[in-house]
Amino acid sequence: MKHTLSVLVEDEAGVLSRIAGLFARRGFNIDSLAVGPAEKPGISRITMIVPGDNRTIEQLTKQLYKLVSILKVQDITNIPCVERELVLIKIQASPQNRSFILEISSVFRAKVVDMAYEYLILEVTGDPGKMVAIEQLLKQYGIVEIARTGKISLIRASNVDTEFLRNTLSAQKISS
Amino acid sequence: MSISHNKVTGAFALLDSLVRHNVEYIFGYPGGAILPIYDELYRWEKSGKIRHILSRHEQGSAHAADGYSRSTGKVGVCFATSGPGATNLVSGIATAQMDSVPLLLITGQVARPFIGTDAFQEVDIFGITLPIVKHSYVVRDPRNMSKIISEAFYIAQHGRPGPVLIDVPKDVGLEKFVYNPIDPGQVFLLGCRPFLKPNNKQIIKFIKLLENSSQPLLYVGGGSIISGAHQVIKELAVKFQIPITTTLMGKGIIDEKDDLSLGMLGMHGTAYANFAVSESDLLIALGARFDDRVTGKLDEFACNAQVIHIDIDPAEVGKNRIPQLAIIGDINNVLQDIMDYIENNQNILYTTDQTRSWRERIDLWKHQYPLLVPTNVNTLSSQEILSSLCIMEPNAYFTTDVGQHQMWAAQFLNVLPRHWISSAGLGTMGYGLPAAIGVQIAYPNEKVVCVSGDASFQMNLQELGTIAQYNLPIKIIIINNKWQGMVRQWQQAFYGERYSHSNMEKGSPNFIELAKSFGIAGFELTLRKDIDTILESFLNCNGPCLLDCKVTEDDNCYPMVAPGKSNAQMIGIIKQSKVTNSLLN
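Each value, and the rule that gives it
- Residues numbered from 1 in each chain as written.
- Chains lettered and ligands numbered in written order.
- Predicted model: local features only at pLDDT ≥ 70, side-chain atom pairs only at ≥ 80, totals over all residues.
- UniProt positions renumbered as here; feature names shortened; annotations may be inferred.
- Helix = DSSP H or I, 4+ residues; strand = E, 2+ residues; numbered from the N terminus.
- Domains from an automatic or database assignment.
- Nonpolar A, V, L, I, M, F, W, Y, C, P; charged D, E, K, R; others polar.
- Contact = placed C-beta atoms within 7 Å.
- Axes fitted to C-alpha atoms, helices over the stretch in contact; angles between N-to-C directions.
- Left-handed = near helix turned anticlockwise from the far one by under 90°.
- Buried ≥ 20, exposed ≤ 12 C-beta atoms within 10 Å, placed from the backbone.
- Pairing = 2+ DSSP bridges.
- Expected span 1.5 Å × (residues − 1).

## Description of the UniProt feature "domain: Thiamine pyrophosphate enzyme N-terminal TPP-binding" (unreviewed entry) in chain B
UniProt's feature table lists "domain: Thiamine pyrophosphate enzyme N-terminal TPP-binding" (unreviewed entry) at residues 9-126 of chain B, given in the numbering used throughout. Within the segment residues 9-126 of chain B, helix and strand shares are 45% and 18% respectively, and the terminal C-alpha atoms sit 23 Å apart.

Right, dumping it as structure tokens:
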């Protein structure tokens with residue numbers, strides 16, 4: 001199972017090396033990693049997606065806490081949170097295909113950020129599910145390059161799990 | 001300018017901060033990039049505020065600082081220059097990290113403008129040591145020097161101790177600035193969390209587990225020594241009559257002549273300790289980490305037991321074995337709290353009667369499977385030498401190297417807390433001699449014995465020079481079987497007697513002549529009948545001396561748990577039909 005860890009670290013030299021080294025040395029994998037300054041100066045937030053069972057993640061969390069530069073490790077996998085990722089997709093767009101691609105991008109509310117005669121660059125933001133969906137649709141036109149930021153997340157203060165709500169509401173609709 | 005006279009150099013700030021942290025001794029070796037610091041050190045030594053011990057190789061400095069720290073509980077401080085000086089520390093740092101020894105390692109670095117240019121003697125020691133330090137720093141601004149050193153001392157000792165490296169570029173040592181010293185204890189680190197006291201719920205569960213147990217066993221590791229918990233562990237063991245087995249790192253927690261002591265467990269542990277751990281129904285792990293050399297086949301380790309794990313490092317709990325009860329905290333404090341609770345609650349259902357038959361079984365094992373000492377009249381056995389040594393020096397500090405002699409020493413020596421100085425986790429050959437230097441520096445008037453092997457000794461024999469220079473009265477015993485004994489034993493047992501590069505006979509020095517060339521007295525022991533007489537005159541010799549024991553070549557260290565096997569399946573144990581005198585009784 002994939003876990004999302006939200007980690008606060010002191011922003012100092014070598015902290016990413018320490019974390020990367022720990023993952024490598026203790027045999028943990030990492031699927032995605034996004035780093036940026038957090039709300040307080042001098043502190044960064046790292047959001048990482050790590051595959052593993054609960055015991056692996058527990059051990060990883062404890063090992064992370066042993067690093068002096070790490071302030072807080074939170075497993076937010078099962079906590080309602082907003083998850084976003086930004087993806088840039090460079091796609092082959094011949095004049096014949098262009099309108100189809102633009103149609104898809106408008107459905108997904110993607111932005112065209114660069115346009116050349118044969119190529120388009122789309123900027124897509126959203127949760128990871130949306131990224132997979134648009135990638136699937138665009139594949140047939142020929143994706144040339146993809147760059148993704150990695151997933152970032154924050155816990156919802158409202159404590160409302162929209163995913164869960166959507167599922168229950170649609171289930172109710174079906175039953176009624 | 002009124003503040004200009006307050007300006008000091010980075011090197012001054014470094015030495016001043018060390019002295020503020022009550023550092024008495026520095027172990028080190030100078031070199032180009034650390035010259036500004038050694039220049040400053042010259043003045044501080046002249047005024048008698050600090051003393052530097054010059055080793056012959058940086059690895060020796062690191063191990064000496066390590067030995068100093070293990071025997072005293074203080075932070076060991078070590079200096080080395082950039083490049084090769086720093087890389088020579090690596091084995092020493094890893095040794096300290098594996099055995100949780102608080103060290104402060106200060107390395108010189110090329111000047112800031114040269115960093116990253118592959119300058120002369122430049123190496124990224126910060127990067128190289130990342131996986132083997134508790135924490136590390138590069139001092140990029142001398143204004144941070146005092147703060148970094150205060151933090152480093154705090155980190156090295158806080159919680160589970162470990163080595164901290166500080167890399168100091170050459171020009172940082174020379175730069176002048178206005179100095180605001182940070183005194184010890186004035187640091188606040190968000191990343192170092194305080195430790196909670198055990199709550200009553202945990203204590204009650206501890207007692208419940210104990211009440212329901214008829215075969216409890218204390219499994220005590222190095223964390224208990226670090227925590228200084230030997231007194232309270234003894235109280236706990238005596239009050240509830242729980243037998244104690246220790247790991248290699250836990251030696252010294254209890255007098256091994258005590259009825260409750262089972263000696264060491266694990267790969268070369270006593271048969272009765274390994275039987276006890278396999279049969280016990282409640283294993284109380286105190287500052288131990290279920291290392292593979294202790295557990296053997298993990299699935300079968302204490303497989304009938306509920307486990308209580310008390311440790312200061314949360315990451316150790318549940319790493320190899322999931323306990324039924326985990327208490328995170330300093331062992332001494334936790335056990336103190338448990339004892340207090342027990343004092344105040346008299347309605348505890350546990351009686352020592354419920355474990356009587358367990359203790360009787362263990363006693364039977366002790367008589368049936370004692371540690372064996374080969375007693376062939378014509379040969380000299382290491383076990384016999386070490387048994388005699390144990391009787392002659394009950395209060396000495398013992399350092400060891402790594403291999404057969406280390407395991408025999410662990411089996412036959414009975415030591416006081418913090419008197420057992422041995423590289424356990426990393427198993428660093430060449431550790432014993434420099435570590436003995438550190439111990440003797442810390443305790444100039446105590447007896448320090450280094451038990452080494454002929455192969456291990458040769459890994460850091462240059463430190464004889466240090467011993468000679470400071471006239472340290474260390475007693476060096478070389479268990480000389482002309483082999484890398486443990487390697488030979490494994491090759492014999494598991495590699496079809498193909499002795500690939502484990503023989504040390506060719507090229508072996510005459511150890512006595514070697515010692516003499518350093519001005520160190522040498523003794524030789526070849527005959528069994530001379531053990532006591534020679535050992536006595538050797539141990540009572542003034543000043544440093546070396547004893548070359550020409551022991552049987554092909555003796556193996558038993559009992560032995562083969563790798564991947566369960567602890568109950570030991571090889572090399574012989575059931576005694578009649579009750580004989582066990583050495584530990």
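## Quick notes on the UniProt feature "domain: Thiamine pyrophosphate enzyme TPP-binding" (unreviewed entry) in chain B
With numbering matched to this structure, UniProt assigns "domain: Thiamine pyrophosphate enzyme TPP-binding" (unreviewed entry) to residues 401-549 of chain B. From the first C-alpha to the last, residues 401-549 of chain B spans 15 Å; its make-up is 38% helix and 16% strand.

## Quick notes on the domain arrangement of chain B
Residue and element names in this part refer to chain B. We note that the domain assignment places domain 1 (7-178), domain 2 (200-368) and domain 3 (382-557) within chain B. Of all the secondary-structure elements, those providing two or more residues to the side of domain 1 that touches domain 3 are β2 (25-28), β3 (51-54), α3 (58-72) and α5 (90-98). If one sorts the elements of the side of domain 1 that touches domain 3 by residue count, α3 sits on top with 11 residues. A per-class count over the side of domain 1 that touches domain 3 returns nine nonpolar, 12 polar and four charged.

## Considerations on the domain arrangement of chain A
All names here are of chain A. Each domain of chain A was delimited in the assignment, giving domain 1 (2-79) and domain 2 (82-153). The gap between the C-alpha centroids of domain 1 and domain 2 is 29 Å. Across the boundary between the two partners, domain 1 contributes eight residues, which contact five residues of domain 2. At the level of secondary structure, the elements contributing two or more residues to the side of domain 1 that touches domain 2 comprise β1 (2-10), β2 (32-37) and β3 (43-51). Ranked by the residues each element gives to the side of domain 1 that touches domain 2, the list is headed by β2, at three residues. For the side of domain 1 that touches domain 2, the per-class residue count stands at four nonpolar, four polar and no charged.

## A short note on the packing of helix α11 (residues 230-240) of chain B against helix α14 (residues 331-344) of chain B
Residues and elements named next belong to chain B. Running from amino to carboxyl end, α11 crosses α14 at an angle of 35°, the nearest separation of the two axes being 9 Å. Crossing handedness for the pair α11 and α14: left-handed. For the pair α11 and α14, the contacting residues are Val-232, Ile-233, Glu-235 and Leu-236 in the first and Asn-332, Leu-335, Gln-336 and Met-339 in the second. Residues that form the contact of α11 with α14 fall into these classes: five nonpolar, two polar and one charged.

## Observations regarding the environment of Gly-14 of chain A
Turning to its location among the elements, Gly-14 of chain A is positioned in the loop between β1 and α1 (15-25). Given 16 C-beta atoms within 10 Å, Gly-14 of chain A falls into the partly exposed group. Expressed as a C-alpha distance, the spacing of Gly-14 of chain A and Gly-129 of chain A, which sit 115 residues apart in the sequence, is 33 Å. Other than its neighbours up to four places away in sequence, Gly-14 of chain A contacts Phe-126 and Leu-130 of chain B.

## Overview of the UniProt feature "domain: ACT" (unreviewed entry) in chain A
What UniProt calls "domain: ACT" (unreviewed entry) maps, in this numbering, to residues 4-78 of chain A. Helix makes up 32% of residues 4-78 of chain A and strand 37%. Its end C-alpha atoms lie 9 Å apart.

## A short note on the interface of chain A and chain B
Of the residues lining the interface, 17 residues belong to chain A; the matching set on chain B comes to 15 residues. If you tally residues by element for the side of chain A that touches chain B, the top one is helix α2 (residues 54-66) of chain A, at six residues. Of the residues assigned to the side of chain A that touches chain B, the class counts are five nonpolar, six polar and six charged.

## So, the environment of Pro-163 of chain B
Residue and element names in this part refer to chain B. Mapped onto the fold, Pro-163 is located in strand β7 (residues 163-169). Remark: the alpha-carbon pair of Pro-163 and Asn-332, spanning 169 residues in sequence, is separated by 22 Å. Ignoring any residue separated from it by four or fewer positions in sequence, one finds Pro-163 in contact with Ile-93, Ala-96, Gln-97, Val-101, Leu-103, Leu-105, Val-133, Lys-134 and Ala-156.

## Details of the sheet that holds strand β17 (residues 448-453) of chain B
Residue and element names in this part refer to chain B. If you trace the six strands from one edge of the open sheet to the other, you get β16-β15-β17-β18-β20-β19, paired in parallel fashion. One side of each edge strand has no neighbouring strand; the edge strands of this open sheet are β16 (420-421) and β19 (521-525). Examined bridge by bridge, strand β15 (residues 397-400) and β17 share four bridges and lie parallel to one another. Across the sheet, Thr-399 pairs through a bridge with Cys-450, a residue of β17. Sheet strands touched by helix α17 (residues 404-412): β15, β17 and β18 (475-480). Its angle to β17, the strand with the most contacts, is close to 135°.

## Here we look at α2 of chain A
In an α-helix, one turn spans 3.6 residues; hence positions three or four apart end up facing the same way. Between its first and last C-alpha, α2 of chain A extends 19 Å over 13 residues, near the 18 Å set by a 1.5 Å rise per residue. Where the residues of α2 of chain A are buried, they touch β1, α1, β3 and β4 (70-75) of chain A.

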